[in-house]
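The lines below spell out each chain.
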Amino acid sequence: MAIDVLERDDLPFPRSLPEFQRLFPNEAACAAYLEHARWSGGFVCPRCATSGEPYRISTRPGVLRCRKCRRDTSLTAGTVMEGTHTPLSVWCWAAYLVTSQTPGISAVQFQRQLGLSCYETAFQILHKLRVGMVRPDQDRICGAGEIVEADETYVGGRTRGKGRGVHDMTIVAGAVEVRQRTRSSSLNKRKTGRYAGRVRLAVVPDRSAKSLCGFIENAVAPSTTIITDDWSGYASLATRNYLHTAVSERGDVQVTETFLPIIHLVFSNLKTWLRGIHHGVSPQHLQAYLNEFTFRFNRRFYPFNAFRSLLGIAGDVTAPTYAELYSKKSKNHYI
Ligand SMILES: [Zn+2]
């Protein structure tokens, strides 16, 4: 399970605010971190592919000049910070706040914490960082020999002008990797030692086999063992290259707790989180919020990855450029 694809030993990540301040004290430190994150083996000119120490211009700390072809390369090119006039240190602070603090931070709180005089700057930074979070994770979770719990739930919000009660209930399908802690782990609080790995969540139009199995085929790798309840919508999983275990729930909470505890924990966390956001989320925006929840959930043990993903400095094949994030194609994935 290559969950921590971006982990790198050579780049430290702060685990506390004081550590953060030590690692990112000023513009030069942020620029050095950024350069190291993007070119771990040393600078390589994007134009002529020459490697080697570039020229550095004291008046332009964000620019590296190739010794061979003299082309200038911006440290922020292709990242979320491209073209920005905001100091790199503010971006680093901002990404750290977004990844380490409780979700739903408002632009006003954000402005205050970063000490920015301009609300619009805070709003723009927050918006750009959140674009990175609502881009869906694309790869399918789990695989042969591994276990996924899958289920669906209703997410609903009050709708103005429609009287009492809950309206516009939306069905959310979910799948989560079930991991097993080793017995020696001191973190083993659940008796079973089971805990959640990565999650996938999607709005589905109904509870039909087409919708639910279609979701699973997009979200879960073939040959995975999938545990569901005995709803008919999941019955064809065995014929779709999965090992399927259907548990007869019959509304029994105890059965649910025993056989599908992890996905229900995910749904419970999700609903608590959604209720905290502006008193609920309208159906047309729900998928974007599901993607943000997924981003945070899947990186909860790896704030380092979240930090670099948000800034667009993850490098390698896993991170899209900021231009790609804003292209029509990737936008359509979640709208
Ligand atoms: Zn060059």
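Quick note: structure is the one above.
These lines cover the structure that appears in this document, whether it is placed above or below. Bear in mind the structure is a predicted one, so any value in this text is a computation, not a measurement.

1. Quick look at the packing of helix H3 (residues 88-100) against helix H10 (residues 303-311)
A packed helix pair is summarised by two numbers, namely the angle formed by the two axes and the spacing between the axes. Here H3 crosses H10 at 130°, and the two axes come no closer than 9 Å. Between H3 and H10, the crossing angle belongs to the class labelled oblique. Seen from above, H3 lies across H10 with right-handed handedness. Side by side, H3 and H10 meet where Trp91, Cys92, Ala95, Tyr96, Val98 and Thr99 of the first sit next to Pro303, Ala306, Phe307, Leu310 and Leu311 of the second. Residue composition of the contact of H3 with H10, grouped by class: 10 nonpolar, 1 polar and no charged.

2. Details of the pattern of salt bridges
Close approach of charged atoms allows side chains with opposite charge to pair. Using the criterion set out here, one finds 12 salt bridges in the structure. In this structure, Arg56 engages Glu53 in a salt bridge whose closest nitrogen and oxygen atoms are separated by 2.8 Å. Overall, the relative accessible area of 44% leaves Arg56 in the partly exposed class. A salt bridge links Glu177 to Arg179, with the shortest nitrogen-to-oxygen separation between them at 2.8 Å. The two residues Glu177 and Arg179 agree in class, both being buried. Bridged by salt links that share partners, the residues Asp139, Glu177, Arg179, Arg198 and Arg200 form one connected network.

3. Observations concerning the environment of Thr258
Mapped onto the elements of the fold, Thr258 is located in helix H7 (residues 253-259). Look at Thr258 and you get partly exposed, because its relative accessible area is 36%. Taking the C-alpha atoms as reference points, Thr258 and Thr192, separated by 66 residues in sequence, lie 9.7 Å from one another.

4. Comments concerning the packing of aromatic side chains
In the structure shown here, the tally under the stated rule is 11 aromatic pairs. Measuring from centroid to centroid gives 5.7 Å for Trp273 and Phe293, while their planes differ by 55°, and the two rings are tilted. Of this pair, Trp273 sits in helix H8 (residues 261-276) while Phe293 sits in helix H9 (residues 283-298); the two residues are 20 residues apart in sequence, bridging distant segments of the chain. Considered together, Trp273 and Phe293 belong to a single accessibility category, that of buried residues. Aromatic rings pair up to connect Phe20, Phe24, Tyr33, Trp93, Tyr96 and Phe307 into one cluster. Above the plane of the ring of Tyr55 lies Arg67, whose end atom (NZ or CZ) is 4.3 Å from the centre. Taking the ring centre of Phe297 as reference, the NZ or CZ of Arg300 above it sits at 4.0 Å.

5. Brief notes about the packing of H3 against helix H5 (residues 119-134)
At their nearest, the axes of H3 and H5 sit 10 Å apart, and the two run at 55° to each other. Put simply, H3 runs oblique to H5. Along this stretch, H3 crosses H5, giving a crossing that reads as right-handed. Contacts from Val90, Trp91, Ala94, Ala95 and Val98 in H3 reach Ile125, Leu126, Lys128, Leu129 and Met133 in H5. Residue composition of the contact of H3 with H5, by class: 9 nonpolar, no polar and 1 charged.

6. A few points about a nonpolar patch on the surface
Judged by side-chain polarity, Val108, Tyr119 and Phe123 come together as a nonpolar surface patch covering roughly 260 Å² of accessible area. One can find Tyr119 in helix H5.

Each value, and the rule that gives it
- Residues numbered from 1 in each chain as written.
- Predicted model: local features only at pLDDT ≥ 70, side-chain atom pairs only at ≥ 80, totals over all residues.
- Heavy atoms only, no water.
- Axes fitted to C-alpha atoms, helices over the stretch in contact; angles between N-to-C directions.
- Helix = DSSP H or I, 4+ residues; strand = E, 2+ residues; numbered from the N terminus.
- Parallel < 35°, antiparallel > 145°, perpendicular 65-115°, else oblique.
- Left-handed = near helix turned anticlockwise from the far one by under 90°.
- Contact = heavy atoms within 4.5 Å.
- Nonpolar A, V, L, I, M, F, W, Y, C, P; charged D, E, K, R; others polar.
- Salt bridge = Lys/Arg side-chain N within 4 Å of Asp/Glu carboxyl O.
- Buried < 20%, exposed > 50% of the residue type's maximum accessible area, 1.4 Å probe, protein only.
- Phe/Tyr/Trp six-rings, centres within 6.5 Å; stacked < 30°, edge-to-face > 60°.
- Lys NZ or Arg CZ within 6 Å of the ring centre and 35° of its normal.
- Patch = residues over 30% accessible without salt bridge, like charges linked within 9 Å, V, L, I, M, F, W, Y side chains within 5 Å.
- Areas by Shrake-Rupley, 256 points an atom, 1.4 Å probe, with all protein chains shown as cover.

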